[in-house]
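Residue-level listing of the chains:
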Amino acid sequence: MNIQENISLKPFNTFGIDKKARFFTAVTTIKELQEALTFGKQKNLSIIILGGGSNILLTQDLDCLVIKIKLTGIQILEENEEEVFVEVGAGEVWHEWVQFAIHKNWAGLENLSLIPGTVGASPMQNIGAYGVEIQDVFHSLKAINRNTLELEIFTKDKCEFGYRESVFKHKLKDQFVICSVVFKLSKKPTFHTEYGAIQETLSEMNVSETSIQTISEAVIKIRQSKLPDPSMIGNAGSFFKNPTISFEEFEKLKERFPEVPGYPQPNGIKVPAGWLIERAGWKGFKRGKVGVHDKQALVLVNFGDGDGAEIAKLASEIQSSVEERFGIKLSPEVNFL
Ligand code: FAD
Ligand code: EPU
């Protein structure tokens, strides 16, 4: 185990925020992870688990131990003619794993192409895009209990998945480190092309026969046209979650703004936060080194050496402005550190 001190976290977060960790270590085995957790306990340090840093906002130097998860490996556990169960190490890069599965002709992950980050973080907020969420292909995960240092297995029902939610963000927050995820993928695909611009993009690409490969290519094309590439402009994807409001509230909103988009859910109507933020006048807003992306108002950006605290301040101003204008509270998707 190699513990480094006063390390800049700039290369380890996609917002590109330059804050330091008092202690930092990268772990490649479960034994190293257990050692690192023990080191933290002995020194009475707070511990922060880091994957690809694509869903965090660093607002301060971290007076704690940051453990970067680099557990790798892809292993078939079971397969038959219909499906395959694959265990994937938490430190594997998400998109590389998606491409691996597509290459093998295992279906289920194609709509989740090009999401940054690691496999281990994917259950944290039940990542989702283009009509699919990880819960649709999730079988189970293994995680180390931070208190006992024992490995525990979580089946799907124990993860309490919801829209950008899981038990690991709530009841079990900061209690487990996810070490691997078991996916259940299909050898006989069902295509999900109904969402957003997928169908349109497939036509533009002159695709005669839909396949998991072409769906992945279409999703990548759409994402590249809207979302900033973190290697060029710092960002963490959608900064806020899309709020769900009651059917009555939506009707009232529609009276004031007949063009407001809304997606029916069992418990109300989901309204795109990007629309609310754009209509509140923030799209393309720039102040100093931070701002709001000009192609997608839900994405806050760091144009250069912006500060996390400035982004947090901007986020809070956007929340107030949307609430004042529409009476809707936005909750962040990004984890503040
Ligand atoms: P990190 O940012 O490192 O960590 C996120 C949280 O998970 C932190 O609280 C961290 O402590 C915890 N964590 C990380 N790894 C572990 C582990 N092994 N065990 C326990 N806790 C852990 N998300 C979507 O859902 N859909 C999208 O379409 C999408 N698009 C994006 C586009 C862009 C350009 C960007 C920058 C981000 C996007 N995101 C999207 C958000 C982000 O990519 C996902 O949330 C991703 O799963 C985060 O992975 P990470 O490894 O970077 O996690
Ligand atoms: N919109 C605007 N203006 C904008 C942006 C969006 O009016 O500037 C409206 C449009 O009506 C558009 C609708 O919002 O049709 C939806 O926009 P988009 O398809 O870009 O999706 P989103 O709701 O903004 C969500 C996820 C993304 C995911 C995409 C595709 C959340 C918080 N975000 O974005 O996830 O990739 O759908 O499924 O649910 C992420 O979580 O980081 C993320 C990028």
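Everything quoted here is computed from the prediction, not taken from an experiment. (Residues numbered from 1 in each chain as written. Chains lettered and ligands numbered in written order. Predicted model: local features only at pLDDT ≥ 70, side-chain atom pairs only at ≥ 80, totals over all residues. Heavy atoms only, no water.)

## Brief notes about the site of ligand 2
Part 1 of the reasoning: Around ligand 2 sit 23 residues, and of these Tyr-130, Tyr-163, Glu-278, Gln-296 and Glu-333 come closest.
Part 2 of the reasoning: The separation between an oxygen atom of ligand 2 and a polar side-chain atom of Lys-226 is 3.1 Å.
Part 3 of the reasoning: Summarising the interface, the protein chains cover 82% of the accessible area of ligand 2, which totals 820 Å² for the free molecule.
Part 4 of the reasoning: Its residues assigned to classes, the shell around ligand 2 comprises 11 nonpolar, 5 polar and 7 charged.
Part 5 of the reasoning: Two domains each donate at least three residues to the shell around ligand 2, and these are domain 2 (74–186) and domain 3 (234–336). (Near = heavy atom within 4 Å. Polar contact = N/O pair within 3.5 Å; in protein donor to acceptor, adjacent residues only side chain to side chain. Areas by Shrake-Rupley, 256 points an atom, 1.4 Å probe, with all protein chains shown as cover. Nonpolar A, V, L, I, M, F, W, Y, C, P; charged D, E, K, R; others polar. Domains from an automatic or database assignment.)

## As for the packing of aromatic side chains
Part 1 of the reasoning: In total, this model carries 19 aromatic pairs according to the counting rule given.
Part 2 of the reasoning: Centroid distance Phe-154 to Phe-176: 4.9 Å. Interplanar angle 85 degrees. Geometry classified as edge-to-face. Taken together, the residues Phe-154 in strand S11 (residues 151–155) and Phe-176 in strand S12 (residues 176–186) connect sequence positions 22 residues apart.
Part 3 of the reasoning: Members of the aromatic cluster, each reached through a chain of ring pairs, are Trp-94, Trp-97, Phe-100, Trp-106 and Phe-183.
Part 4 of the reasoning: Over the aromatic face of Tyr-163 sits the side chain of Lys-270, whose NZ or CZ is 3.4 Å from the ring centroid.
Part 5 of the reasoning: Lys-286 extends its terminal NZ or CZ atom over the ring of Phe-303, reaching a point 4.6 Å from the ring centre. (Phe/Tyr/Trp six-rings, centres within 6.5 Å; stacked < 30°, edge-to-face > 60°. Helix = DSSP H or I, 4+ residues; strand = E, 2+ residues; numbered from the N terminus. Lys NZ or Arg CZ within 6 Å of the ring centre and 35° of its normal.)

## Comments concerning the site of ligand 1
Part 1 of the reasoning: Residues in contact with ligand 1 amount to 33 residues; listed here are only the nearest, Ile-49, Gly-52, Ser-54, Thr-118 and Arg-223.
Part 2 of the reasoning: At a separation of 2.7 Å, an oxygen atom of ligand 1 approaches a polar backbone atom of Gly-52.
Part 3 of the reasoning: Relative to its unbound accessible surface of 970 Å², ligand 1 loses 92% to contact with the protein.
Part 4 of the reasoning: Of all the elements in the fold, those that place two or more residues in the shell around ligand 1 are strand S3 (47–50), strand S8 (128–129), S12 and strand S13 (234–238).

## Quick notes on the sheet that holds strand S1 (residues 4–8)
Part 1 of the reasoning: What the 4 strands build is an open sheet, ordered S1-S2-S5-S3; its pairing is mixed. In the strand order of this sheet, the two ends are held by S1 and S3, each with one partner. With strand direction ignored, the average angle separating the axes of adjacent strands in the sheet is 40 degrees.
Part 2 of the reasoning: Strand direction decides the pairing type here: strand S2 (residues 20–27) and strand S5 (residues 62–69), joined by 6 bridges, are parallel. Bridged to Val-27 within S5 is Ile-69.
Part 3 of the reasoning: The strands that helix H1 (residues 30–42) touches are S2, S3 and S5; relative to S5, the one it contacts most, it runs at about 170 degrees. (Pairing = 2+ DSSP bridges. Axes fitted to C-alpha atoms, helices over the stretch in contact; angles between N-to-C directions. Contact = heavy atoms within 4.5 Å.)

## Some points on a negative patch on the surface
Part 1 of the reasoning: There is a patch of like negative charges on the surface, built from Glu-248, Glu-249, Glu-251 and Glu-255.
Part 2 of the reasoning: On the basis of relative accessibility, which here comes to 42%, the residue Glu-249 falls in the partly exposed class. (Patch = residues over 30% accessible without salt bridge, like charges linked within 9 Å, V, L, I, M, F, W, Y side chains within 5 Å. Salt bridge = Lys/Arg side-chain N within 4 Å of Asp/Glu carboxyl O. Lys, Arg positive; Asp, Glu negative; His and termini not counted. Charge placed at Lys NZ, Arg CZ, Asp CG, Glu CD. Buried < 20%, exposed > 50% of the residue type's maximum accessible area, 1.4 Å probe, protein only.)

## Let's talk about unusual backbone geometry
Part 1 of the reasoning: Backbone geometry places Asn-44, a non-glycine residue, at a positive phi of 60 degrees.
Part 2 of the reasoning: Located in the positive-phi region is Asn-206, a residue other than glycine, with phi close to 55 degrees.
Part 3 of the reasoning: Relative to the helices and strands, Asn-206 resides in the loop between helix H4 (198–204) and helix H5 (212–226).
Part 4 of the reasoning: Judged by relative accessible area, Asn-206 falls into the exposed class, the value being 68%.

## Description of H5
Because an α-helix packs 3.6 residues into every turn, residues spaced three or four apart end up facing the same way.
Part 1 of the reasoning: Helix length check: H5 (15 residues) gives 21 Å between terminal C-alpha atoms against 21 Å at 1.5 Å per residue, within 8%.
Part 2 of the reasoning: Tucked into the core, H5 has its buried residues touching helix H2 (94–103), S8 and H4. (Expected span 1.5 Å × (residues − 1).)

## Overview of the domain arrangement of the chain
Part 1 of the reasoning: Assigned domains within the chain: domain 1 (4–69), domain 2 (74–186) and domain 3 (234–336).
Part 2 of the reasoning: One C-alpha centre belongs to domain 1, the other to domain 3, and the line joining them spans 29 Å.
Part 3 of the reasoning: Residue-level contacts link 11 residues of domain 1 with 17 residues of domain 3.
Part 4 of the reasoning: Summed over both sides, the interface between domain 1 and domain 3 buries roughly 1,100 Å², with carbon and sulfur atoms accounting for 55% of that surface.
Part 5 of the reasoning: Looking at the side of domain 1 facing domain 3, the largest losses of area belong to Phe-15, Asn-55 and Leu-57, adding up to 58% of the total buried there.
Part 6 of the reasoning: There are 1 salt bridge connecting domain 1 and domain 3.
Part 7 of the reasoning: Residue Lys-19 pairs with Asp-307 through a salt bridge whose shortest N-O separation is 3.1 Å.
Part 8 of the reasoning: The interface formed by domain 1 and domain 3 includes 5 residue pairs in polar contact (both at pLDDT 80 or more).
Part 9 of the reasoning: Of the residues belonging to the side of domain 1 that touches domain 3, the class tally is 5 nonpolar, 5 polar and 1 charged. (Buried area = accessible area lost by both parts, 1.4 Å probe.)

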